[in-house]
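These are the residues of each chain, in order.
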Amino acid sequence: ATGSGGVNVNDGGTLGGTGSVAGAASVADGGQLAAGAGGAGTLTLAGGLTLNDGAGLSIALDQDGPVGQIEVTGGTFTGASAGSVDINIDMQALPPQDAYTIMDWSDATAVGVESGDFVIAEPYSNAFQIRVVGKSLVLARGSTIFVIR
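Residues numbered from 1 in each chain as written. Predicted model: local features only at pLDDT ≥ 70, side-chain atom pairs only at ≥ 80, totals over all residues. Heavy atoms only, no water.

(A) Structural view of the packing of aromatic side chains. This structure, assessed with the given rule, holds two aromatic pairs. With 4.8 Å between their ring centres and 65 degrees between their planes, Phe77 and Trp105 make a pair best called edge-to-face. Of this pair, Phe77 sits in strand 11 (residues 76–78) while Trp105 sits in the loop between strand 13 (99–104) and strand 14 (109–111), and the two are 28 residues apart along the sequence. The exposure class assigned to Trp105 is buried, which follows from its relative accessible area of 1%. (Phe/Tyr/Trp six-rings, centres within 6.5 Å; stacked < 30°, edge-to-face > 60°. Helix = DSSP H or I, 4+ residues; strand = E, 2+ residues; numbered from the N terminus. Buried < 20%, exposed > 50% of the residue type's maximum accessible area, 1.4 Å probe, protein only.)

(B) Structural context of the nonpolar core. Core analysis: the largest hydrophobic core is formed by 34 residues, its most contacted members being Leu33, Leu45, Leu49, Leu51, Leu57, Phe118 and Leu137. Dropping the residues within four chain positions of it, Leu57 is found in contact with Gln32, Leu33, Leu51, Ile70, Val85, Asp86, Ile87, Asn88, Met103, Phe118 and Leu137. (Core = buried A, V, L, I, M, F, W, Y, C linked by side-chain atoms within 4.5 Å. Contact = heavy atoms within 4.5 Å.)

(C) Local environment of the sheet that holds strand 1 (residues 7–9). The five strands are arranged 1-4-7-11-14 in an open sheet whose pairing can be described as parallel. If you trace the sheet from one side to the other, it starts and ends with strand 1 and strand 14, each paired once. Taken over all neighbouring pairs, the strand axes of this sheet differ in orientation by 10 degrees on average, direction set aside. Where strand 11 meets strand 14, three bridges bridge the pair, whose relative direction is parallel. Looking at the pairing, Phe77 lines up with Ala110 of strand 14. (Pairing = 2+ DSSP bridges. Axes fitted to C-alpha atoms, helices over the stretch in contact; angles between N-to-C directions.)

(D) Quick peek at the pairing of strand 5 (residues 32–35). Side chains Gln32 and Ala34 project from strand 5 onto one buried face, and the interleaved Leu33 and Ala35 project onto a second face that is buried too. One ladder, built from four bridges, connects strand 2 (residues 14–17) with strand 5; its direction is parallel. In the sheet register, Gly16 faces strand 5, and the bridge partner there is Ala34. Bridge analysis of strand 5 against strand 8 (residues 56–62) gives two bridges, and the strand direction is parallel.

(E) Region of the structure containing the side chain of Gln32. Looking at the element boundaries, Gln32 is found in strand 5. Separated by 2.6 Å, the side chains of Gln32 and Ser58 make a polar contact. Of the polar contacts made by the side chain of Gln32, one reaches the side chain of Asn88; its length is 3.2 Å. The residues contacting Gln32, other than those within four sequence positions of it, are Val9, Gly13, Thr14, Leu15, Val27, Gly56, Leu57, Ser58 and Asn88. (Polar contact = N/O pair within 3.5 Å; in protein donor to acceptor, adjacent residues only side chain to side chain.)

What follows is the structure, encoded as structure tokens:
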């Protein structure tokens, strides 16, 4: 994905791959954000991101960890204020580490982004945890203990 304007991902649509979007991105109920789809790399959202209730994040895991990462490098990252975002895991191989950063918004302003906004979808809801740690979204295996500083 590479573009200079904003992107609205509607129900049934997917914004994925690697590259950058200069404008704001918004993912609606039923839409998917899929970093690294089609190959390893980073999907950079320079103009901000809004994840609406019912939106999804698709994460592929292989023997090295997440195939892609999402970076929000500007604007505002707005979480699902009244609901949740499903984390859909495509397990290609069991990664070696216990925890991975799948999204980072260190250079963006966060509004309403909390761990409770994200839910691991079946069949991996009992195998993984998802937490907001600082300005990162971290995916961890089973009983990994999160230390928040």
